[in-house]
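Observations on the three-dimensional arrangement
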Amino acid sequence: MRALYLVILGRQGSGKGTQSLRIADTYGCIHVSTGDMLRAAVAEGTELGRQAADVMEAGHLVSDEIMNGIVAERLAKDDISESGVLLDGFPRTADQADTLERILAELDHELTAAINLEVPVEVVTERMLARRRDDDTPEAIRRRLSLYEEQTAPLLEWFARHDLLETVDGQGSEEEVFERLAAVIDSRRG
Ligand code: AMP
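This write-up is about the structure you can find in this document. This structure is a prediction, so every number in the text was calculated from the model and none was measured.

Strands pair in a sheet through their backbones, by hydrogen bonds, and they do so in one of two ways: parallel or antiparallel. Here we have 5 strands laid out as an open sheet, ordered E2-E3-E1-E4-E5, and parallel in their pairing. With partners counted over all chains shown, the strands left at the sheet margins are strand E2 (30–33) and strand E5 (165–169), one partner each. Each strand axis lies, on average, 25° off the axis of its neighbour in the sheet, ignoring direction. Sheet topology places strand E4 (residues 113–118) next to E5; 5 bridges connect them, and they run parallel.

Val7, Leu75, Leu100, Leu111 and Phe159 are the most contacted members of the largest nonpolar core, which has 27 residues in total. Broken down by secondary-structure element, the contributors of at least two residues to this core are strand E1 (4–10), E2, helix H4 (64–75), strand E3 (84–88), helix H6 (94–106) and helix H8 (138–161). Among residues more than four places away in sequence, those in contact with Leu111 are Tyr5, Val7, Leu100, Leu104, Phe159 and Leu164. Formed by 17 residues, the second largest nonpolar core is a distinct cluster that contains Ile23, Tyr27, Ala113 and Leu117.

Rules behind the numbers
Residues numbered from 1 in each chain as written. Predicted model: local features only at pLDDT ≥ 70, side-chain atom pairs only at ≥ 80, totals over all residues. Heavy atoms only, no water. Pairing = 2+ DSSP bridges. Helix = DSSP H or I, 4+ residues; strand = E, 2+ residues; numbered from the N terminus. Axes fitted to C-alpha atoms, helices over the stretch in contact; angles between N-to-C directions. Core = buried A, V, L, I, M, F, W, Y, C linked by side-chain atoms within 4.5 Å. Buried < 20%, exposed > 50% of the residue type's maximum accessible area, 1.4 Å probe, protein only. Contact = heavy atoms within 4.5 Å.

Written out as structure tokens, the structure reads:
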């Protein structure tokens, strides 16, 4: 069976992190979070980390050029061609999606699906407020969510146009949501 090449999208507070771990665990694919990669680079103080730190702090996107390079390098590693990947946080722009398609074609792979874990704005807002983290003021939450909306709308269109988009209802218990995700992945992998 061909390795899975999945993309997962979801608002902050959608349960994307938890479900990503379960998908990687169940299907044996490698969870690649570009946010985690960048945060590790910042913590290590690498050249990349120095370039990315201010941009991330301001809530802006790191340039497509940098991101495309990081992801191309990671996807070319043997562990991914053997096990497949669950991309989390990439692509973020249509340019990144075009590049992803090209990188995978060069490696003789293609995307299996892009899963949008859908939890309405009001519900994720409630969840984030309930967590009571210092940076989770109603104003900050609204700003982050509207930025996400702005950035993600063109991507959803891109995936839909390429017949890759699957929308999964992210409300319900962790188990219920995982079962929905697994059903979609199983049907896509054929
Ligand atoms: P995340 O944990 O996915 O929310 O990523 C944290 C931050 O890292 C984002 O707010 C961006 O500044 C940066 N970042 C992560 N992935 C990307 C990407 N694919 N393109 C541009 N910036 C990214």
